[in-house]
Each structure stands twice: as C-alpha cells, then as structure tokens.
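Okay, here's what each chain looks like letter by letter:
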Amino acid sequence: MRLGLRWKILLLTLLAPVTLAGATLVLVNRDVAEHTDSSSLHENLSHSAAVFEGMLATRLHALEGGARVVAQDPRFFSLLMLGISQRDTRFDATVRGMAHDFNQITKTDVFEVFDRRGRLLASVGESKSSPDARAALVNRALGGEVATGVLAEGTAHYQAVAVPVHADGRQVGVLLMGAEIGSALADELRTQMRCEVSFLAGRTITGTTLSRAGERQALLEELNAIDLGPATNSVRLGLLRVKSDKEFLTLVRRIPGTSAKSSQFYVLQRAFDPELIFQHTMRNDLVALAAVALILAIATSFIFSEQILLPLQKLVRGAREMEEGNYDHPIGVRRDDEIGYLADQFTRMRAREQAYVKSLERATRLKSEFISIASHELRTPISVLAGYRDLLAEGSLGKLTARQTKVVESMREYLDRLGRVAEDAAMVAEMRDERLSLDRKPAPVAAILQMSVDSAKEAATGRNVEVVTKLETPDGIVNVDSQALVQALTHLITNGIRFTPDGGRVEVRAGLGDGRLAIAVSDTGVGMEPGVVESLRTLGAAERDAAHHRSAVGLEFGSGGLGLGFSLARGIVSAHGGHIEIESRPGKGSTFTMLLPVDGQERAEAA
Amino acid sequence: MRRFTAALLPALLLLAPPAFAATAVTGTLRLSRAARSAAAKHGGKTPQAGVSEGVVWLEKIPERVEDQLAHPDPPWFLFWRQPEENPPLPVIAQEKETYSPRVLAVPVGSSIEFTNPDRLYHSTFSVSGAKRFDLGKTPPGRRDTVEFSRPGVINLHCEIHPRAVGYVVVTPNHAYASPDRSGHFRLPKMPPGRYVLHAWHPDRGDLRLPFDVPKRGSVALTPTFKD
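None of the values given here were measured: they were computed from a predicted structure.

**Topic: the sheet that holds strand E15 (residues 205-213) of chain B**
Residues and elements named next belong to chain B.
Here's step 1: Read across the sheet, 4 strands follow the order E12-E2-E14-E15 without closing on themselves; strand pairing throughout is antiparallel. In this open sheet, the two strands that pair with only one neighbour each are strand E12 (176-177) and E15.
Here's step 2: Relative to E15, strand E14 (residues 193-201) is paired through 9 bridges, and the arrangement is antiparallel. Bridging from a neighbouring strand, Val-196 pairs with Pro-210 of E15.

Right, here's the structure in full:
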C-alpha cells in the first residue's frame, strides 16, 4: 500500500507521543496494580494488626496505670481499710458512691471493688463482670500481684486489670477495672487504620464496624468454614467477596491476653474498593490525558504536514497540468523558504520546457508536412516518368535496341521502388497527422500471410533466405484493413530478410486466440543491440548514422531502407488498436510480433 | 512520805467504798504466738516491734468505777486543788507524712486536737463508722479539734499523703492502756467480777479475752493475736 506524504508525516509525528503515552499508561497501570495487589494489602493488614495489638497494649497499660492511681488514693482505700466493726450502716452505699466518683474520672466499662477476701463490694461500671470470668484475675490480685487479662463475658470482651489495694502496709482489697473491646474501639481502629474491625466471642460478633448485615453474614459464613480451635492464633483468609460490590481481605487473630480455651478473636478486614477506585480514577485520567495528547498531536502534525504539503500539492498539480500540456496553471506558492525556492525554480523550468516542447512540436510538424508534401510532389513526376518509360518500352518512341530495352526494363524496377517509397512516406505522413482511415473487411488470415510473403519474396529476388509460414489457425478470418495489414507485414518480413544472411530463414507464424490475432516474424539474422530495441520501442525507428547509410535496390543483406518500414508497420497495427512486441538478441536474430485485437463475432462467422 | 501513806492505807481502805476493794489488771500483749514463745524464753522482757501501738481496754466496767476513773478525786492531801476546767487536749500532729502519734487512745467523749506543724499542706479525714469527719486541706499551723463521742477505732487518712495513716481508738471507758515496748500494760484496778479484755493493734486487728477478777490476788493476762 502506498502512503501519501501527509500520512507519512502524520504517522511519524504521532509515533513518538503515542508510544510515550502508551508506555506511560502501561507503566503507571502496572505500578498502580502492584501497589494495590493483595500482597501489599496483606502486609497492610498485618501492620494494622500490629497497630491494633499495640493499641490494646497501650490501653491496657493506661488501664493499669489508672487502676494503680485509684488504688493508691486515700479516698479510695480508706473505705477498704475499714474492718467490719468500723463500718456503719451506710457502708455499702458509701463504697458505691466512692467507686462511682472514681469511675467518673476513669470512665471504664467495668469498675468493681472487692474487699480483702475477694467479696464484691461495689460494681459501678456500665458493665459487670461475672464471677467465673473474673475469678482468675481477682485471685491473682488477692495474692498481691497486678493481674491483667481479657474478660470474656459471653458476648463481650473486656481488657481488664485487677490491682491489689494496699494501705498502711497491708492489702485491704482489690480493684478490678475493665475496658470493653467493642464497637467504640473498633470505630477508633477503623478511623486510624482504614480497616473494618470485628470482634468475635466464639462465632458471635460482639462488635463490628461492618455496617451492612450482608457483610456481617458473609464474614460469619467465612468463619464457619475455618478452624478456630485452641491452636489457632492467626488465620489469614483470602478474598472475601460480599455479594455485590465489595471485596475484603480478611485477617483473623486471637485477641492478645486471652486464653487459648476461650475463642476470642478479632477480625481485620481491608476493603479493596479505595484502591480500586484509585486505580480506576488513575486509569481514566491517564486515558483522558492520552486522548487529549493524541488529539493535540494529530492537530499539530496535521498543521505541520499542511504547512509542507500545501505548496507541494500546488507544485504537483502544476506538474500534472504540465503533463497534460497546460503550462500556464498558476502555482501560487509565495514563500521565502526552500519550498518557495523550489516553486520558483519549477516555474522557470516549466517555462523553459514549454519553449522547448513548442519548438519540438514545430519541428515535427514541419518534418511531417515536408514528408507529406514531398511524397505528393514525388508521385506526379514518378507517374510521368513511368508513362515515358512505358512509351519507351512499347516502342512508341522508336524501336529500342536490345541493350536499351534492358535499361528501360531496369528503369521500371527502380520506378516501382521509388513509387513504393513515396507511397510509404505519404502513409507515414497520414499516420502522423492521424489521417489514416482503415477500410476494414473480413479477410482470411492465410491470404494476408500469403500475400505478404509473396510480396516480400518478390522484393527479395536474388537472396537465398528461406521464408516459412506457419498457420496455427488455418481457417481464421479477421475483420481488418487487409491491404494495410499486408503492407505492414511485408515490411516486417522484408526487414527480416534484409538482416538475415543468405542461408538463413525467416519464419512467419500466425494464430488467433483470446480475441487477438498474433503474427510473429522471426529471423535467424544479426539481431539488434538492446539500445536499438529500446529506441524502436519508444521512437518507432532505429537511430542510424546517415553518413554510413547504404542503400540498395533489392534486399541486400545489411542494407538499410528509408527507415519507414517499422514505423509504418507500427502505425498500421496501432490504427487497428494493437501493438508490436520486439524480442532480439545480437547475433541470434529477432522476433517481431504483431498483436491485434479482433472481433470474436467475425471468428464465429468464419467458423 | 511512802511510809506515811502506807500507814494511812488501812484507815483509807476502811473509809473507802467497796469499790476500792479491787485488783490491778496487768498483762503482756503478744502480737503472735511466736512472739509469745520467744518472750517465754527470755523472761518476758523481749521487745516486740510495734506492740506499743496496740491498745487494750475493758469492754464493760461498772459505772461507779467509770465515774471514779473519769473524774478522779484529787488526792486528799491536795484537796484544795480544783479539777482543771480545761485540761490540755491530746494532740495528733501531722509531720513528715505521718501521724504522730500513729495510734492515740482516748475514752469516749474526748476531743483531740489535730495540728499541722509541718511546712506542707495536709488533710485529715475519716470514713470510719465511729466518727466520720473531714478537716479538708489543712495549711501549716492549723489546729482543729474533733470530739469523739462514739467508741470504736477510727482510721485517719491524709488525702495528700496516702502513706500517712493514723488511728484513734475511742474506748468505751477510761479502763484502757497502751503497752510498753515489751507489750506490758497495766489497767486500772477493777472490782472482782467477769470482764472482757479487748486488745487492738493496727496491724493485727481485734482480740477479745474474757477473764475474771478475783477478790484476792492479782490478774496477769497474756492476750495473744493469732498468727
């Protein structure tokens, strides 16, 4: 496929930005995809888990610190110091009031006060612990140590710390404080870590940030499928796809500080959507950018190419017009750059060309006119000469001697030849002036061939060249100007004889086929150099050196004629709508093949 | 002088009401059984750390005796002396983040003066059933008087200094005593009868010991806290 200059420029100028845009798109897309792939999110989840456990540790630490401060406050432990005998009837209420006051400050979910024997004196938090859940912690605290852990209260977890209360050198009770691991913590964590957080007691969700029932349900179903036995500390789940639009990466871990027996876990879920949205936005932006860049690139390259192309196209149009003979088409390119220079040069060259062509045309016309006039002018004197010679031959002007008769007879031969030359020249002139009219009539191919060969043989008297005819289709009849065609074929055959040394052979073959008549004349003669063949093909005549022209009456080997023969034959064949093909090799001979279109109907009639 | 008194004693005994036919109650407070056995080895003279912070008293004594103890007649040879109208109050001072003394025993109805001779702020409050009070923040030099009208052990706390803990033991009567460093104590003489000795120590708690005061002879008790 051939591309115009405009498309080449467009392609070349677009190649770089398009490649760049494409590469950017691919690279950024890949980077974004890498950034958002699940492994980095898993890392993120693990990091979140670490942060969460850090938060829990910090919270527990704060809880413990708070509990220690409270336990050391005289307002707090002074009540616990009271022995049975020191208490009044309002003792319990006083303890509750005191605990309440302290919890107003600490704001813990569980705030319980025990006496030195572990009996509950007051529980003032929003939640209460159950004796079973707290027993271990409280007993350790009664033993004098600070005990921390997680209270599992069926459907809730509490980070808890039990602190022994000492006063005046002895332990007077235990303070138990607990902070719920629940929705509030989950919300806080979610704000910080962009994770959905759920807490599990067994397979019950005790607190979660998952807002939709569907998501909670999906999580529970997922959890039912995995083993949350005592040996399980951390389970990483794959992609959890919630029905329609959300995907989660899920990490299940045991809440630190809980015993292996109690199934207390927390679940971190990282939704994919922020990354996906980021990726989509990024991609869309990139595509939009690429589109804008492409449009800009197209526009600029279009303008760029037009800048170059417009004047060039004007030049091209001017050249085309010139080809058709219009040398005056305005170019209309006025620029100071190289193209302007080119246009100026083109215009100047065109003017010179025009002058040259005009002079050539004039010369050709003059030549043609000369030949035409000359042939006409020659015919009359030739006729007169022929008339006188006939008179001489008949003896009307007196009896001739035998020698005179021989001369007169020789004169007839030369006169005939002169007449033929004049005829040929007239015909060539007619063809040059396109004045040749064909007289088409159906004629048998065999007759045409025979007439031509006879005529040629007659001219070649005295030459020992064998002329052979071969008819591929013996009964072919064609609708042609047979007289003109015979003339043309005769010329080809005589040329063949002329350039074939004695003992050689000229073969004439004719065939009808594919709606064409082909007549080939092959000789075993001297052949032609490729340059000669080329000039025959283009000019219709062989360039010859006039100084070495050797004329002859007959068809002596190597003699030259006027050079009209081939020209004439070609003109006749062209008038029939055909052409002549030439094959030649120096020293081996030449083949001239006339190819004429013939009407199929004529052949049908002939058949 | 002593001889003179001894000569007068029989005469006084005759004149005195039957209450005076009484027996002194003495004893040694032991903080643990181990302390007791150790003391037995060394003839009861072994010092016991912190035992002097204990208080012993009799839970119930005849009113007559109590009256005598609350308003002791001046000795006859000082008959011209009138009882003091405002005897100086016992004082508990807050010094160096402690109460001084740490334990103070007073009979019911007594008042105590709380002073702050320190250079720091202090406070004193109590949540004990026998006496609830709160002196609030007490600046240096402050003196407060608190009356204790119900018997019982009252814990004193300083809001500012958690380690400062003091005790006021309000005894139901004047029959009380504080042991010395070896745990020895001596209670007022009591007429014969059945009594209950109550011992209390800040670190050991309460101890009750019933005993009889015979018509003749003396009473020596060894109240011992359980381990």
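**Description of the packing of helix H11 (residues 445-459) of chain A against helix H12 (residues 482-498) of chain A**
Residues and elements named next belong to chain A.
Here's step 1: Contact geometry for H11 and H12: axes closest at 8 Å, N-to-C directions at 45°. Classified by the angle between their axes, H11 and H12 sit oblique to one another. Handedness of the H11/H12 crossing: right-handed. Counting all contacts with H11, which are made through Ile-448, Met-451, Ser-452, Val-453, Ser-455, Ala-456 and Ala-459, the residues of H12 involved are Ser-482, Leu-485, Val-486, Leu-489, Thr-490, Ile-493, Thr-494 and Ile-497.

**Re H11(A)**
All names here are of chain A.
Here's step 1: Taking 1.5 Å per residue, 15 residues should reach 21 Å; H11 reaches 21 Å between its end C-alpha atoms and fits that length.
Here's step 2: Of the residues making up H11, those classed as buried are Val-445, Ile-448, Leu-449, Ser-452, Ala-456 and Ala-459. Down the axis of H11, the sector holding all buried residues measures 95°, keeping them to one side. Structural note: H11 exposes Ala-447 and Glu-458 on the side pointing more than 90 degrees away from its buried face.
Here's step 3: Packed against the buried residues of H11 are strand E11 (441-444), strand E12 (466-471), strand E13 (477-480), H12, strand E14 (505-513) and strand E15 (516-523).

**Notes on the sheet that holds strand E17 (residues 589-597) of chain A**
All names here are of chain A.
Here's step 1: Reading across from one edge, E12-E14-E15-E17-E16 is the order of the 5 strands in this open sheet, with mixed pairing throughout. The outermost strands of the open sheet, each flanked by one partner alone, are E12 and strand E16 (579-585). Sheet twist, expressed as the average angle between the axes of neighbouring strands with direction ignored, equals 15°.
Here's step 2: Pairing of E12 with E14 involves 6 bridges; the strand directions are parallel. For Leu-471, the partnering residue across the bridge sits in E14 and is Ala-510.
Here's step 3: Relative to E16, helix H14 (residues 564-575) is tilted by about 140°, and along the sheet it contacts E16 and E17.

**Let's talk about the pairing of E17(A)**
Residue and element names in this part refer to chain A.
Here's step 1: Here E15 runs beside E17; their pairing, made up of 7 bridges, is antiparallel. Within E17, the residue paired with Ser-522 across the bridge is Thr-591.
Here's step 2: In terms of strand pairing, E16 meets E17 through 7 bridges, oriented antiparallel. Across the sheet, residue Ile-580 finds its bridge partner in E17, namely Met-594.

How each quantity is defined
- Residues numbered from 1 in each chain as written.
- Chains lettered and ligands numbered in written order.
- Predicted model: local features only at pLDDT ≥ 70, side-chain atom pairs only at ≥ 80, totals over all residues.
- Pairing = 2+ DSSP bridges.
- Helix = DSSP H or I, 4+ residues; strand = E, 2+ residues; numbered from the N terminus.
- Axes fitted to C-alpha atoms, helices over the stretch in contact; angles between N-to-C directions.
- Parallel < 35°, antiparallel > 145°, perpendicular 65-115°, else oblique.
- Left-handed = near helix turned anticlockwise from the far one by under 90°.
- Contact = placed C-beta atoms within 7 Å.
- Expected span 1.5 Å × (residues − 1).
- Buried ≥ 20, exposed ≤ 12 C-beta atoms within 10 Å, placed from the backbone.
- Arc of directions from axis to C-beta.

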